[in-house]
Amino acid sequence: MKKSAFALTRRAAAVALLAAPLLLAHAADFPSKPIKFIVPYSPGGTTDLVARTVGQKVSEKLGQPVLIDNRGGAGGNIGMDAVAKAAPDGYTIGFGAISTNALNPHIYKSMAFDPRKDFTAISLLGMSTIVLEVPGASPIKSVPDLIAAAKKNPGLPYATAGAGTSMNLAGVMFAQMTGTELTHVAYKGSGPAITDMLGNTIGVMFDNLPASLPHIQAGKLRALAVAGSTRSPSLPDVPTMAEAGLKGYALEPWFGVYGPAKLPPPIVKALNEAFVEALAMPDVKAKLQQAGFSPRGSTAQELTTLTDTEYKRLGDVAKKAGMTAD
């Protein structure tokens, strides 16, 4: 039995040794075919806009199509699991996020992948802004008004684009820091939640700014505060949570590009350079900033460090709040 196991181990090692030069050979002429960019969320949202805008420029830089593949479900876990299980050849990459690569492992009962071991970080894509909002006709005009309403009505419901999202986390942090009891109403995306907000079916929402911005600008929704450490250029008159009285409150959802584990360094370098260059282009920056997204590339190591740090930090937050998701 031991001999058989030893033989299998030697055979596996031999296969790995043979595969390594093959991967490096492929890396030398990378890319030689289209690249699949998996976005683990539904079409039409912030991530889709960023992926398609940046992906087009990356395609031009690398000389191969970058094909956007939307695979929503399970808070982004389904799409990122497909990335984790792909061949480490650079032809399948994924649009990871603070939720999929830092928060989800702490709130889902079972995970098909480990974000610390099953991916190769490539580059940051940037940060989004979370906005706390109410319907335009709501009597709630400010964060103190909302706190007062929540204390008067324990269990006050608030909407987000889904359980386990960074918007859900924003609501949890708000309740923790204000000593209020809020009831989370998880929708399947920002669109349905905004529809109910506009119809006054629900009266409070934490949302990614790009989805809500047109309705805020039209006066149909009222922004009470943004969750980041600084004001959004898209809403310069809207205070941060800290400015509105919640000292120390700051949450800035980040997004990054990941490949499967053991992606060869030459491929990581080629992809990193293409994404960093694309994110720095004036027309890309203008388009994404106008939508409320702050584009920013990084080194692969910076994204690795951010992922590890946020994994630990959000694990503590989720545990304290008792956050769970199905």
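Preceding this paragraph is the structure being described.
Scope of this entry: the structure provided in the associated data block.

Criteria and thresholds
- Residues numbered from 1 in each chain as written.
- Predicted model: local features only at pLDDT ≥ 70, side-chain atom pairs only at ≥ 80, totals over all residues.
- Heavy atoms only, no water.
- Helix = DSSP H or I, 4+ residues; strand = E, 2+ residues; numbered from the N terminus.
- Expected span 1.5 Å × (residues − 1).
- Buried < 20%, exposed > 50% of the residue type's maximum accessible area, 1.4 Å probe, protein only.
- Pairing = 2+ DSSP bridges.
- Axes fitted to C-alpha atoms, helices over the stretch in contact; angles between N-to-C directions.
- Contact = heavy atoms within 4.5 Å.
- Phe/Tyr/Trp six-rings, centres within 6.5 Å; stacked < 30°, edge-to-face > 60°.
- Lys NZ or Arg CZ within 6 Å of the ring centre and 35° of its normal.
- Right-handed = clockwise from strand over helix to strand, strands pointing away.
- Core = buried A, V, L, I, M, F, W, Y, C linked by side-chain atoms within 4.5 Å.
- Salt bridge = Lys/Arg side-chain N within 4 Å of Asp/Glu carboxyl O.

1. Details of helix α9 (residues 265-279)
Part 1 of the argument: For α9, with 15 residues, the first-to-last C-alpha span of 21 Å sits near the 21 Å given by 1.5 Å per residue.
Part 2 of the argument: When we look at burial in α9, the residues that qualify are Ile-267, Val-268, Ala-270, Leu-271, Asn-272, Ala-274, Phe-275, Ala-278 and Leu-279.

2. Describing the sheet that holds strand β10 (residues 254-260)
The pairing of strands in a sheet comes from backbone hydrogen bonds and takes either a parallel or an antiparallel form.
Part 1 of the argument: Spatial strand order, β2-β1-β3-β10-β4-β11: 6 strands in an open sheet with mixed pairing. With one partner strand each, in any of the chains shown, β2 (66-70) and β11 (293-295) form the two edges of the open sheet. Averaged over neighbouring strand pairs, the angle between their axes works out to 30° when direction is ignored.
Part 2 of the argument: Sheet contacts for α9: β1 (35-39), β3 (92-97), β4 (119-128), β10 and β11; angle to β4, the most-contacted strand, approximately 10°.

3. Quick notes on the side chain of Thr-47
Part 1 of the argument: Secondary-structure assignment places Thr-47 in helix α2 (residues 46-62).
Part 2 of the argument: Taking relative accessible area as the criterion, Thr-47 reaches 8% and is therefore assigned buried.
Part 3 of the argument: Thr-47 has contacts with Val-39, Tyr-41, Phe-95 and Phe-255, leaving out every residue within four places of it along the chain.

4. Comments concerning the packing of aromatic side chains
Pairs of aromatic rings are described using the distance from one ring centre to the other and the angle between the two planes.
Part 1 of the argument: Evaluated as defined, the whole model comprises 9 aromatic pairs.
Part 2 of the argument: Plain terms: the ring middles of Phe-95 and Phe-255 are 5.7 Å apart, the flat faces sit at 65° to each other, and that makes the pair edge-to-face. Of this pair, Phe-95 sits in strand β3 while Phe-255 sits in strand β10, and the two are 160 residues apart along the sequence.
Part 3 of the argument: Seen in terms of ring centroids, Phe-113 and Phe-119 are 5.3 Å apart; in terms of plane orientation they differ by 75°. Their pairing is edge-to-face. Phe-119 shares its class with Phe-113; the two are buried.
Part 4 of the argument: Grouping aromatic residues by their ring pairs yields a cluster made of Phe-37, Phe-95, Phe-255, Phe-275 and Phe-293.
Part 5 of the argument: Between Lys-33 and the ring centre of Tyr-91, over which it is positioned, the NZ or CZ distance is 4.8 Å.

5. Let's talk about the pairing of β2
Part 1 of the argument: Pairing analysis gives 5 bridges linking β1 to β2, with the strands arranged parallel. Paired with Ile-35 across the two strands is Val-66, which belongs to β2.
Part 2 of the argument: In the classification by handedness, the crossover that spans β1, the intervening α2 and the parallel β2 is right-handed.

6. Considerations on the environment of Ser-110
Part 1 of the argument: Along the chain, Ser-110 falls in the loop between α4 (98-107) and β4.
Part 2 of the argument: On the basis of relative accessibility, which here comes to 60%, the residue Ser-110 falls in the exposed class.

7. Some points on the side chain of Thr-92
Part 1 of the argument: Within the element layout of this structure, Thr-92 appears in strand β3.
Part 2 of the argument: The class of Thr-92 is buried, set by a relative accessible area of 15%.
Part 3 of the argument: When neighbours within four sequence positions are excluded, Thr-92 is seen to be in contact with Lys-36, Ile-38, Val-83, Ala-86, Gly-259 and Pro-260.

8. Thoughts on unusual backbone geometry
Part 1 of the argument: The omega torsion across Phe-30 and Pro-31 is -10°, close enough to zero to call that bond cis.
Part 2 of the argument: Of note in the backbone geometry, Ala-74 takes a positive phi value of approximately 55° without being a glycine.
Part 3 of the argument: Looking at the element boundaries, Ala-74 is found in the loop between β2 and α3 (77-84).
Part 4 of the argument: A residue is classified by how much of its surface remains accessible, and Ala-74, at 33% relative accessible area, is partly exposed.

9. Brief notes about the nonpolar core
Part 1 of the argument: Residues Leu-132, Phe-174, Phe-206 and Tyr-249 are the most contacted members of the largest nonpolar core, which totals 51 residues.
Part 2 of the argument: The dominant element in this core, judged by the number of residues it contributes, is helix α6 (residues 166-178), at 7 residues.
Part 3 of the argument: Setting aside anything within four residues of it in sequence, one finds Phe-174 in contact with Leu-132, Val-143, Leu-146, Ile-147, Thr-180, Leu-182, Phe-206, Met-241, Leu-246 and Tyr-249.

10. Some points on the pattern of salt bridges
Part 1 of the argument: Overall, the coordinates contain 9 salt bridges when judged by the stated rule.
Part 2 of the argument: For Arg-71, the salt bridge is made with Asp-69, and the minimal N-O distance between the two is 2.9 Å.
Part 3 of the argument: What makes Arg-71 partly exposed here is its relative accessible area of 29%.
Part 4 of the argument: Where Glu-310 meets Arg-313, a salt bridge forms, and the shortest distance between an N and an O atom there is 2.8 Å. Highlighted residues: Glu-310 and Arg-313, both in helix α11 (residues 300-321), separated by 3 residues, approximately one helical turn.

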